[in-house]
Amino acid sequence: MKHFSINKKSKRSLARAGVIHTLSGEIKTPAFIPVGTRATVKGLKVNDLYDLGAQAILANTYHLHLRPGEKIIAKSGGLAQYMGANLPTFTDSGGFQAFSLGADLTKRRSKISAKEKRDIPTHVSKNERDIVHINDDGISFRSIYDGSKHFFTPESCIDIQRLLGADIIFSLDECPPTDAKHSVHENAVHRSALWGERCLARLNTHRKKDRQRNVKKIQFLYGIVQGGRVRELREASARLAAAQNYDGYGIGGSFDKEDIGASVFFVNSILPEDKPRHLLGIGEPEDILLAIKSGCDTFDCVAPTRMGRNGTLYTGQGKINITNSRFKNDFNSIDKECDCFTCTNHSRGYLHHLFRTGEMLAGVLGSIHNLRYIIRYVENIRLKIIDGKI
Ligand SMILES: [Zn+2]
């Protein structure tokens, strides 16, 4: 099955409009993919997702492995069936969550200078250094839910994602914080490439067995590009990933606003043009536009729903905090142009009231608006690419 086709390419940038094909359906790109970390997009029913124009859902391997466990999801018929969602699904590798809880740098300490030891990223607390360990075999960590011990290897990461059954899955990677030392990023580039190869080998073993048993199941594997903010590391990582026969690519790591366009542009200039590229964890409209012009096809981010639950809402004039008292008597919709359920039916003043009184509907309506805003924003960019206006 051909995974990706390009309908139109921009003449002035790397932007392209295309279609990702999966057994569960198509995704017209560029596309924003809502995040359903624990097999739910917080506060929204699947019908809401269809109404928003969501074309797929991205869930998280780390969380689903810990709860309810991939075996239960496999027994139910796979992630989409488990969620009752008639949409293509993605699962990310879970590596980022293991790292964001703290990578063990204690093992690296023996290899680095005294100054570097003092510079160990502050996102890793002293306690966390003791619960997350990484070496070439994989990542060991403790569950954030019950403290139980777990170990992700590239192979187990694929086995887990295999049972979760998403259409698009990601290889395990090492994801250091943006401000980590050059040597840490360099090491992560090489380790991520090795882990990616092992993920691909494992998936190919599963694919072979499927063919022998005549099982009709297609999972597309995306290899990950790392490298932080260093151009040569990003390029090296892209070349390593491009040399492998992945179905697509995930561009990982956090970016600063100033370098998102540049970093991603270097990477996508190297990656094969005929395969889709997913930028992990990017959700701000201006960042998405830059990333699309730099050749990315899909995006995911928890920001629109997280902000929507907290009352920070997108408008064409920038974000507003609906809890601000100036909205108490404002009976306009959140955004005049928006066609979402919230904007069609409710005023800023009503949302202000719901947020101020802590009503559960507040977060639901906020999430609906923010998600639709971003999805529609990307849909419009797609139309502009097709019309030759980008
Ligand atoms: Zn709206």
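Throughout what follows, the structure given in this document is the object of discussion. Predicted model, so just to flag it, every value in this text is computed and none were measured.

On the surface, Arg 38, Lys 42, Arg 67, Arg 306 and Arg 309 cluster together to form a positively charged patch. Tracing the backbone through its elements, the reader meets Arg 306 in helix 14 (residues 303-310).

Let us now look at the nonpolar core. The biggest cluster of nonpolar side chains holds 83 residues, and the ones touching the most others in it are Phe 32 and Leu 279. Top contributing element to this core by residue count: helix 17 (residues 360-386), with 10 residues. Residues within four places of Phe 32 in sequence aside, it is in contact with Ile 282, Gly 283, Ile 288, Phe 299, Asp 300, Cys 301, Pro 304, Leu 371, Ile 374, Ile 375 and Val 378.

Below, the discussion takes up the packing of helix 10 (residues 182-213) against helix 11 (residues 231-242). Where helix 10 contacts helix 11, the two axes come as close as 9 Å, and the packing angle between them is 5°. With respect to helix 11, the axis of helix 10 lies roughly parallel. Only Leu 233, Ser 237 and Leu 240 of helix 11 make contact with helix 10, whose side of the interface consists of His 182, His 185, Glu 186, Val 189, His 190 and Ala 193. For the contact of helix 10 with helix 11, the residue count by class is 4 nonpolar, 4 polar and 1 charged.

Pairing is antiparallel in the open sheet, where 3 strands are placed in the order 7-8-9. With one partner strand each, in any of the chains shown, strand 7 (133-135) and strand 9 (149-152) form the two edges of the open sheet. The sheet shows a mean angle of 15° between the axes of neighbouring strands, taken without regard to direction. Sheet topology places strand 7 next to strand 8 (residues 138-142); 3 bridges connect them, and they run antiparallel. Bridge assignment links Asn 135 to a residue of strand 8, and that residue is Gly 138.

Let's shift gears to the pattern of salt bridges. Scanning the entire structure with this criterion turns up 15 salt bridges. Salt-bridge contacts for Arg 376 lead to Asp 339; the nearest nitrogen and oxygen are separated by 3.9 Å. You can see Arg 376 sitting in helix 17 and its partner Asp 339 sitting in the loop between strand 16 (320-321) and helix 15 (341-345), a full 37 residues away along the chain. Ionic contacts of the salt-bridge type, sharing partners, join the residues Asp 339, Arg 372, Arg 376 and Glu 379 into one network.

Every buried residue belonging to helix 12 (residues 260-270) is among Ile 260, Gly 261, Ser 263, Val 264, Phe 266, Val 267 and Asn 268, and all of these are buried. Next to the buried residues of helix 12 lie strand 11 (220-225), helix 11, strand 12 (248-251), strand 13 (277-279) and helix 13 (285-293).

Let us look at the packing of helix 16 (residues 348-356) against helix 17. Close contact between helix 16 and helix 17 brings their axes to 7 Å; oriented N to C, the two are set at 130°. The pairing of helix 16 with helix 17 is recorded here as oblique in orientation. The chirality of how helix 16 crosses helix 17 is left-handed. Along the contact surface, helix 16 presents Tyr 350, Leu 351, Leu 354 and Phe 355, while helix 17 presents Leu 361, Ala 362, Gly 363, Leu 365 and Gly 366. Looking at the contact of helix 16 with helix 17 residue by residue, the classes come out as 7 nonpolar, 2 polar and no charged.

Procedures and definitions
Residues numbered from 1 in each chain as written. Predicted model: local features only at pLDDT ≥ 70, side-chain atom pairs only at ≥ 80, totals over all residues. Heavy atoms only, no water. Patch = residues over 30% accessible without salt bridge, like charges linked within 9 Å, V, L, I, M, F, W, Y side chains within 5 Å. Areas by Shrake-Rupley, 256 points an atom, 1.4 Å probe, with all protein chains shown as cover. Salt bridge = Lys/Arg side-chain N within 4 Å of Asp/Glu carboxyl O. Lys, Arg positive; Asp, Glu negative; His and termini not counted. Charge placed at Lys NZ, Arg CZ, Asp CG, Glu CD. Helix = DSSP H or I, 4+ residues; strand = E, 2+ residues; numbered from the N terminus. Core = buried A, V, L, I, M, F, W, Y, C linked by side-chain atoms within 4.5 Å. Buried < 20%, exposed > 50% of the residue type's maximum accessible area, 1.4 Å probe, protein only. Contact = heavy atoms within 4.5 Å. Axes fitted to C-alpha atoms, helices over the stretch in contact; angles between N-to-C directions. Parallel < 35°, antiparallel > 145°, perpendicular 65-115°, else oblique. Nonpolar A, V, L, I, M, F, W, Y, C, P; charged D, E, K, R; others polar. Pairing = 2+ DSSP bridges. Left-handed = near helix turned anticlockwise from the far one by under 90°.

Any functional reading would require information beyond the geometric quantities listed.
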